[in-house]
Amino acid sequence: QVRLTESEGGLVHSGGSLRLSCAASGRPASINTMGWFRQAPGKERELVATITSGGSTNYAGSVKGRFTISRDNAKNTVDLQMNSLEPEDTALYSCYAETTDYYGLTLEDWGQGTLVTVSS
């Protein structure tokens, strides 16, 4: 079973930057897509950015141009560089991975979540 571990978030001021990292560990598995989701208080969880093993990316419109997602396939890690942060970015950020196990089943794995707070 794949386990996803995120780096700690933190408190940043509006306009600042923060980098989140996520590492997949455990027994080897095929990881197809990795990414980040977030959930703000009183809101539904939403996609922030994803990246495939081939490097194709997808961003939410609200973060496009400010956030950059990247991954290291050999190390099974994914990073999210967040620039020009706004108070609206305040949320619990969770790492996500879509994997295929050794039986050919598609699974979804989630990290514990890390809190990012952006002050005005």
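Residues numbered from 1 in each chain as written. Predicted model: local features only at pLDDT ≥ 70, side-chain atom pairs only at ≥ 80, totals over all residues. Heavy atoms only, no water.

Colleague: Please explain the pattern of salt bridges as it appears in this structure.
Modeller: A side chain of one charge can pair with a side chain of the opposite charge if their charged atoms are brought near each other. Inspection of the entire model under this criterion finds four salt bridges. Its salt-bridge partner being Arg 38, residue Glu 46 comes within 2.9 Å of it at the nearest N-O pair. The class for Glu 46 is partly exposed, based on a relative accessible area of 35%. Residue Arg 66 is joined to Asp 89 by a salt bridge in which the shortest nitrogen-to-oxygen separation is 2.8 Å. Of this pair, Arg 66 sits in the loop between β6 (57-59) and β7 (67-72) while Asp 89 sits in the loop between β8 (77-82) and β9 (91-100), and the two are 23 residues apart along the sequence. Side by side, Arg 66 and Asp 89 carry an identical accessibility label, which is buried. Connected through salt bridges with shared partners, the residues Arg 38, Glu 46, Arg 66 and Asp 89 form a single ionic network. (Salt bridge = Lys/Arg side-chain N within 4 Å of Asp/Glu carboxyl O. Buried < 20%, exposed > 50% of the residue type's maximum accessible area, 1.4 Å probe, protein only. Helix = DSSP H or I, 4+ residues; strand = E, 2+ residues; numbered from the N terminus.)

Colleague: For this particular structure, what's the right way to read a nonpolar patch on the surface?
Modeller: Together, Tyr 102, Tyr 103, Leu 105 and Leu 107 make up an exposed nonpolar region whose accessible area comes to about 530 Å². Inspection of the secondary structure puts Leu 105 in the loop between β9 and β10 (106-110). (Patch = residues over 30% accessible without salt bridge, like charges linked within 9 Å, V, L, I, M, F, W, Y side chains within 5 Å. Areas by Shrake-Rupley, 256 points an atom, 1.4 Å probe, with all protein chains shown as cover.)

Colleague: Hey, could you run me through the side chain of Thr 33 in this one?
Modeller: Assignment of secondary structure puts Thr 33 in strand β4 (residues 30-39). With a relative accessible area of 18%, Thr 33 lands in the buried category.

Colleague: Just checking my understanding: could you explain the side chain of Arg 71 for this structure?
Modeller: Structurally, Arg 71 can be placed in strand β7. In this structure, Arg 71 is buried with no salt-bridge partner, the nearest side chain bearing the opposite charge being Asp 72 at 7.9 Å. Here Asn 32 takes part through its backbone oxygen, which lies 3.5 Å from a polar atom of the side chain of Arg 71. Within polar-contact distance, the side chain of Arg 71 engages the backbone oxygen of Thr 52 at 3.4 Å. (Lys, Arg positive; Asp, Glu negative; His and termini not counted. Polar contact = N/O pair within 3.5 Å; in protein donor to acceptor, adjacent residues only side chain to side chain.)

Colleague: Help me understand the sheet that holds strand β1 (residues 3-6), please; the structure alone is not making it clear to me.
Modeller: Adjacent strands of a sheet pair through backbone hydrogen bonds, lying either parallel or antiparallel. An order of β1-β3-β8-β7 is seen for the four strands of this open sheet, with the pairing classed as antiparallel. Where the open sheet ends on each side, the last strands, each with one partner, are β1 and β7. With strand direction ignored, the average angle separating the axes of adjacent strands in the sheet is 15°. Pairing of β7 with β8, which is carried by six bridges, proceeds in the antiparallel orientation. Paired with Phe 67 across the strands is Met 82, a residue of β8. (Pairing = 2+ DSSP bridges. Axes fitted to C-alpha atoms, helices over the stretch in contact; angles between N-to-C directions.)

Colleague: Would you take a moment to explain the state of the cysteines for this structure?
Modeller: The term disulfide refers to a covalent linkage connecting the sulfur atoms of a pair of cysteines. Within the structure shown, the criterion is met by one disulfide. Linked covalently through their sulfurs, Cys 22 and Cys 95 form a disulfide whose S-S length is 2.1 Å. Of note, the bridge from Cys 22 to Cys 95 carries an S-S torsion of about -90° and is left-handed in sense. Here the residue Cys 22 occupies a position in strand β3 (residues 18-25), and Cys 95 occupies one in strand β9, the gap between them amounting to 73 residues. (Disulfide = S-S within 2.5 Å.)

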